[in-house]
Amino acid sequence: MKNPIVEVVKGFGSLLTGLRITLGQFFKRSVTVQYPHESIQMPARFRGHIELVRDPESGKPICFACKVCEKTCPSDCISVEGLKLEGEKRKSVSEFRLDFTKCSLCGSCVDACKSGAIRFSRDYNLASTNREDFILDLFKKLETEKVVTEKVATEETKP
Ligand code: SF4
Ligand code: SF4
């Protein structure tokens, strides 16, 4: 027969062990965030969907719609259109459609673009129940971001 006093002492020891572990965790630095109220900066090697890159001098997209990435993509998820603007030597991208439902994030398009006009974004906020939300026009997205950035800059310079 088990000694009840020994059992109580054992139980108390077990309780203290549990409390020690809980308190140890309680004072450790938190590694989680209160998503979606808080967000984190993803590391450089993170692969979100691809995005267009701007020329730092002109502010325009580097892409000139050569379609190399479109032909390289093994999943057929890129479609690029371009326009020849007056006075320009080569085309400028006017539509860059990405069907992210088919993208495997393989990186072939990024490697194929020798102009560095596309890269992986760090965007991870893509949850949706609507398939259409994953069909992205990256050119339109870039232009929208530009308008928002300019609006914020204007607001910030206001007296
Ligand atoms: S992203 Fe690069 S490879 Fe693709 S169309 Fe534009 S310039 Fe060409
Ligand atoms: S990462 Fe791969 S699958 Fe995705 S768009 Fe680029 S080439 Fe296509």
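Here, every reference points to the structure presented above.
Now for a quick tour of the structure. (Residues numbered from 1 in each chain as written. Chains lettered and ligands numbered in written order. Predicted model: local features only at pLDDT ≥ 70, side-chain atom pairs only at ≥ 80, totals over all residues.)

1. Some details on the sheet that holds strand 2 (residues 78-83)
Turning to step 1, where the next piece is worked out: The three strands lie next to each other as 2-3-5, forming an open sheet whose pairing is antiparallel. Strands at the two margins of the open sheet, each flanked by one partner only, are strand 2 and strand 5 (135-137). If you compare each strand with its neighbour and ignore which way they point, the axes differ by 15° on average.
Turning to step 2, where the next piece is worked out: Relative to strand 5, strand 3 (residues 92-99) runs antiparallel, the two sharing three bridges. Paired with aspartate 99 across the two strands is isoleucine 135, which belongs to strand 5. (Pairing = 2+ DSSP bridges. Helix = DSSP H or I, 4+ residues; strand = E, 2+ residues; numbered from the N terminus. Axes fitted to C-alpha atoms, helices over the stretch in contact; angles between N-to-C directions.)

2. Topic: the site of ligand 2
Turning to step 1, where the next piece is worked out: Neighbouring residues of ligand 2: 13 residues in total, closest Cys73, Cys103, Cys106, Ser108 and Cys109.
Turning to step 2, where the next piece is worked out: Grouping the amino acids of the shell around ligand 2 by side-chain chemistry returns eight nonpolar, five polar and no charged. (Near = placed C-beta within 6 Å. Nonpolar A, V, L, I, M, F, W, Y, C, P; charged D, E, K, R; others polar.)

3. Quick notes on the site of ligand 1
Turning to step 1, where the next piece is worked out: The immediate surroundings of ligand 1 are formed by 13 residues, with Cys63, Cys66, Val68, Cys69 and Cys113 found nearest.
Turning to step 2, where the next piece is worked out: The residue inventory of the shell around ligand 1, partitioned by class, reads eleven nonpolar, one polar and one charged.

4. Observations concerning the environment of leucine 142
Turning to step 1, where the next piece is worked out: As for its position among the elements, leucine 142 is in helix 4 (residues 138-157).
Turning to step 2, where the next piece is worked out: Put simply, leucine 142 and proline 61 are 81 residues apart on the chain and 8.2 Å apart in space, counted from C-alpha to C-alpha.
Turning to step 3, where the next piece is worked out: Excluding residues that lie within four positions of it along the chain, leucine 142 makes contacts with Leu52 and Pro61. (Contact = placed C-beta atoms within 7 Å.)

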